[in-house]
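Structural description and commentary
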Amino acid sequence: MLPKLFNSVGISRYFNNTLWLLMEKGVRLIDAFFIGIWIANYLGPTEYGVLSYSESFVYLFTAIAALGLDQIIVKELVAHPEKRDSIMGTALSLRFLGFGLMILVMIPIIWLQGLDRVTIYLIFFLSMAVALQGFKIIDFYFQSQVQSRHTAICNILVVGSLAVFKVYLISFEYSLLWFGFAIFLEWLLLSLTYLLVYRRQRLNLFAWRFDKALAKKFIKKGRLLVLGSVAAALYMKIDQVMIRDFLGEYEVGIYSVAVKLTSVWIFVTVAINQSIFPSLVATRKESRAKFIERLQKLYDILMKVAVFACISYTFLGPWMVDTFFGLAYAESSQLVVIYIWSIVFLFLSNASWGFYLNEGLEKLASIRLVVGAVVNISLNIILIRLYGLEGAAYATLISYALSGYLINGCFKDTRENFYLQTKSIINILSPKTWIKPL
């Protein structure tokens, strides 16, 4: 189906680009799933809960470091390739500025939380990894050129090597902190390989320059997106932080297994959306009708992937927990069956960025994420106390459904997007759309 989707709109190069991204995400999936399972079994629920809590805690603040610029940078590089060096230099400077702001916000919160020394060290390693993620702008450049092959190869080599390193840590019984260091090391090596591959394409790193006017433009465009991104981080990760506060680190470990089994499917939507986004930008400039048609095709295929995953996990989820994680994580079985259905709305939400950004609806995009975060936090406060871990899973499902889908029907400017999303759900029941995309 995927090749037909791309051939039908005459963009086979986007399909080739997606293949490279899927290969990269495949390696990441193997690392996150199989190596992640090994790490979870090695550490046990409590220490695995500490690691998962630290990752979730740092993730809450990564949106501040990104300043809402990720998709904006890709869009600008597609629209103004002649300004490449100014865009790259300005984006990198702003990312480092954002990282500084992130640290300023995190320090007092860490102090107020009264975290133990091991958790603080883990947060330090993970925060340094966020600093290095500023060099993702090189990946954004190759995305804009539909040449993700270059950075995909970097990711495949580095992630593969770090997977071996993690196996070494497990085999020789290294402590928890080393797994935090491994995450930092991965981003250090990725940054170096990104810089190397950029140079090998005869592109001059030293030509990057900061443009004050461009910085103001980025900040103006990104200020609403960063609010939305912070909100998105809250409703995606706050459950694990709140579980630790309400229940404990052991329970975070149990819950994190359900999250891990579900999150492997996010690699698929990220790969497809990353590859298609430049196409949506270019198509919107040519013809809005063609843009809407292409967006519908994107929704259709993502919805089918999501439903396939949900049905599979509903029947096989408990068996997967028992087989891969064992008796120590048996309480995760029912959580997987609930949590997996959230990806239906997560897939719809991720694809929606193609609509929001190309239609100039950054404000509404941020509003729906803020609403989702408020609902998620509120539901977690109530449902975790009433129903424990299952309450947290239901809170996530409801908030994703609201912010990723239902809220689009509440605003005139996003109602068209709501109709596209609804049509993709209806099309699940149409045999024709499974055989040949519309």
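Reference entry: report on the structure contained in this document. Given the structure is predicted, the values throughout are model-derived calculations rather than measurements. (Residues numbered from 1 in each chain as written. Predicted model: local features only at pLDDT ≥ 70, side-chain atom pairs only at ≥ 80, totals over all residues. Heavy atoms only, no water.)

Section: the packing of helix α9 (residues 212-246) against helix α16 (residues 389-404)
The contact between α9 and α16 brings their axes to 10 Å, and the two run at 165°. Considering the angle they form, α9 stands roughly antiparallel to α16. Between α9 and α16 lies a crossing of right-handed hand. Between α9 and α16, the contacting residues are Tyr235, Met236, Asp239 and Ile243 on the first element and Leu389, Ala392, Thr396, Ser399, Tyr400 and Ser403 on the second. Residues that form the contact of α9 with α16 fall into these classes: six nonpolar, three polar and one charged. (Axes fitted to C-alpha atoms, helices over the stretch in contact; angles between N-to-C directions. Helix = DSSP H or I, 4+ residues; strand = E, 2+ residues; numbered from the N terminus. Parallel < 35°, antiparallel > 145°, perpendicular 65-115°, else oblique. Left-handed = near helix turned anticlockwise from the far one by under 90°. Contact = heavy atoms within 4.5 Å. Nonpolar A, V, L, I, M, F, W, Y, C, P; charged D, E, K, R; others polar.)

Side note on the pattern of salt bridges
With the rule as written, the count across this model stands at 12 salt bridges. Notably, a salt bridge pairs Glu359 with Arg284, separated by 2.5 Å at the nearest N-O pair. Separated by 75 residues along the polypeptide, Glu359 in the loop between α14 (342-358) and α15 (362-387) and Arg284 in helix α11 (residues 266-286) bring together distant segments of the chain. Given a relative accessible area of 26%, Arg284 falls into the partly exposed group. Of the charged contacts, one joins Glu359 and Arg288 as a salt bridge, the two residues approaching to 3.1 Å between their closest N and O atoms. Here Glu359 is found in the loop between α14 and α15, whereas its partner Arg288 is found in helix α12 (residues 288-324), with 71 residues between them in sequence. For Glu359, a relative accessible area of 22% puts it in the partly exposed group. (Salt bridge = Lys/Arg side-chain N within 4 Å of Asp/Glu carboxyl O. Buried < 20%, exposed > 50% of the residue type's maximum accessible area, 1.4 Å probe, protein only.)

Some remarks on helix α8 (residues 176-200)
Structural remark: α-helix, 3.6 residues per turn; residues separated by three or four positions point the same way. Across its 25 residues, α8 extends 37 Å between first and last C-alpha, which sits within 8% of the 36 Å expected from 1.5 Å per residue. Positive phi appears at Arg202, one or two residues downstream of α8, with a value of about 60°. (Expected span 1.5 Å × (residues − 1).)

A word on the packing of aromatic side chains
Applying the stated criterion to the full structure yields 28 aromatic pairs. Centre to centre, the rings of Tyr174 and Trp178 are 5.1 Å apart; their planes meet at 80°, and the pair counts as edge-to-face. A centroid spacing of 5.4 Å and a plane angle of 70° characterise the contact between Tyr198 and Trp208, whose relative ring orientation is edge-to-face. Within this pair, whereas Tyr198 is found in helix α8, its partner Trp208 is found in the loop between α8 and α9, the two being separated by 10 residues in sequence. Aromatic rings pair up to connect Phe124, Phe125, Tyr168, Phe172, Tyr174, Trp178, Phe181 and Phe184 into one cluster. In this structure, Arg368 packs its charged tip against the face of Trp353, placed 5.3 Å from the ring centre. (Phe/Tyr/Trp six-rings, centres within 6.5 Å; stacked < 30°, edge-to-face > 60°. Lys NZ or Arg CZ within 6 Å of the ring centre and 35° of its normal.)

Digging into the nonpolar core
Counting 140 residues, the largest nonpolar core has Met102, Ile137, Tyr198, Tyr255 and Leu261 as its most contacted members. If you tally residues by element for this core, the top one is helix α2 (residues 12-66), at 16 residues. For Ile137, the contacting residues outside a window of four places in its chain are Ile73, Met88, Ala91, Leu92 and Trp208. (Core = buried A, V, L, I, M, F, W, Y, C linked by side-chain atoms within 4.5 Å.)

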